[in-house]
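Reading the structure
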Amino acid sequence: MLVLRYTQKLLKDLKVAPVEVEDVATFFSWHVNIMQLRKKYILFVHDESRLCIVLDGIRSGQADKLVEKFRTELKEYLLQEGFKKQLINQYLLEAGEITISRTNNKSVLGTMNEITFYNTVDRDFDSLYERNKWLNTFIHKPIDYNQPIDVFRESLSGYYS
């Protein structure tokens, strides 16, 4: 099971009722929040690696569309980063059903705040892929000052080796 842990603000915006979930590996857990720049974006942060994915095009009340777009964009982003298609498909297959829950990790929420701050830098990107690629090169203390993309790559290949 893959758990998307929405902030209270996002739960209210999407009009979703969370489900209480216990004992989910951080490998299958993502925190999600609204990020307001010039327009509304949705920020996903992987609990274990701090890998982030920024999405747009989601309006209030479109919870189902958000879940499907996340699956699609995560797969596309990882393919563009050079991940093996087989590993990505295995991760999404094993993740299975997506459950919506509440946030439960202050460290991940802190990382989300950092990422939101980095996005306020006046920098233009041609695509969300370029923005995501740039954001996933920042080092973070909770992952021993490594880059999120490298930590996710190691986690994914280690989990399925």
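Up top is the structure these notes are about.
Reading the values: rules and limits
Sequence order sets the numbering: in each chain, residues are counted from 1 along the sequence as written. Local features in this predicted model are restricted to residues whose pLDDT is 70 or higher, and side-chain atom pairs enter the listing and the counts only when it is 80 or higher, whereas totals over whole chains, interfaces and linings include all residues. Note that the side-chain values use all heavy atoms of the structure and ignore hydrogens as well as water. Comment: axis = line fitted to C-alpha atoms, over the contacting stretch for helices; angle = value between 0 and 180 degrees taken between N-to-C directions. Counting from the N terminus, the helices are the DSSP runs of H or I reaching at least four residues and the strands are the DSSP runs of E reaching at least two. Convention used here: angles under 35 degrees read as roughly parallel, angles over 145 as roughly antiparallel, angles from 65 to 115 as roughly perpendicular, and any remaining angle as oblique. Crossing handedness: left-handed means the near helix sits turned counterclockwise from the far one by under a right angle, and right-handed means the same turn made clockwise. Should any heavy atoms of two residues lie within 4.5 Å, those residues are counted as being in contact. We call Asp, Glu, Lys and Arg charged. Ala, Val, Leu, Ile, Met, Phe, Trp, Tyr, Cys and Pro are nonpolar, and the rest, Gly among them, are polar. We define a salt bridge as a side-chain nitrogen of Lys or Arg found within 4 Å of a carboxyl oxygen belonging to Asp or Glu. Three exposure classes are used, based on accessible area relative to the maximum for each residue type with a 1.4 Å probe and protein chains only: buried under 20%, partly exposed in between, and exposed over 50%. Any pair of nitrogen or oxygen atoms within 3.5 Å is treated as a polar contact; in protein, a donor-acceptor pairing is required on top of that, and neighbouring residues in sequence qualify only through side-chain atoms on both sides. Should DSSP find at least two bridges between two strands, the strands are regarded as paired.

Relative orientation of the contacting elements helix H2 (residues 63–80) and helix H3 (residues 85–95) amounts to 155 degrees, with a least axis distance of 10 Å. On the basis of their axis angle, the class for H2 and H3 is roughly antiparallel. Regarding H2 and H3, the two cross each other, and that crossing is right-handed. Contact with H2, carried on its side by Arg 71, Leu 74, Lys 75, Leu 78 and Leu 79, involves Lys 85, Ile 88, Asn 89, Tyr 91 and Leu 92 of H3 and no other residues of that element. Each residue belonging to the contact of H2 with H3 can be placed in one class, and the counts come to six nonpolar, one polar and three charged.

A separate point is the environment of Phe 70. Considering the arrangement of structural elements, one finds Phe 70 in helix H2. The spacing of Phe 70 and Val 54 is 16 residues in sequence and 9.1 Å in space, taken between C-alpha atoms. Residue contacts for Phe 70: discarding those within four places in its chain leaves Leu 2, Leu 4, Trp 30, Phe 44 and Leu 55.

Pairs may arise between side chains of opposite charge once their charged atoms sit close together. Per the counting criterion, the structure on display carries seven salt bridges. Between Asp 56 and Lys 39 there is a salt bridge, and its shortest N-O distance comes to 3.0 Å. Taken together, the residues span a long stretch of sequence, with Asp 56 in the loop between strand E4 (52–55) and H2 and Lys 39 in the loop between strand E2 (29–36) and strand E3 (40–46) at a distance of 17 residues. Taking relative accessible area as the criterion, Asp 56 reaches 19% and is therefore assigned buried. Among the ionic pairs, Arg 153 bridges to Asp 150, the shortest N-O distance being 3.8 Å. Taken together, the positions of Arg 153 and Asp 150, both in helix H6 (residues 148–159) and three residues apart, correspond to about one turn of that helix. Among the charged side chains, a salt-bridge network with shared partners connects Lys 39, Asp 56 and Lys 69.

Here we come to the side chain of Thr 111. Tracing the sequence through the fold places Thr 111 in helix H4 (residues 106–119). Within the local environment of Thr 111, its side chain forms a polar contact with the side chain of Arg 50, the two groups lying 3.0 Å apart. Each residue touching Thr 111, except ones within four places of it in the same chain, is listed here: Val 45, Arg 50, His 140 and Pro 142.

To continue, consider the sheet that holds E3. In spatial order, the strands read E4-E3-E2-E1-E5; together these five strands make up an open sheet with mixed pairing. Bordering the open sheet on either side are E4 and strand E5 (98–102), each of which pairs with just one other strand. With strand direction ignored, the average angle separating the axes of adjacent strands in the sheet is 25 degrees. Here E2 pairs with E3 via seven bridges, running antiparallel. When the bridges of E3 are listed, Met 35 appears paired with Tyr 41. Across the sheet, H2 lies against strand E1 (2–6), E2, E3, E4 and E5, angled at about 125 degrees from E4, the strand it touches most.

Its identity as a non-glycine residue notwithstanding, Asp 144 has a phi of 55 degrees, on the positive side. Within the fold, Asp 144 resides in the loop between helix H5 (128–135) and H6. Residue Asp 144 is classed as exposed on the basis of its relative accessible area of 61%. The residue Tyr 145 is not glycine, and still its phi comes out positive at about 60 degrees. Structurally, Tyr 145 can be placed in the loop between H5 and H6.

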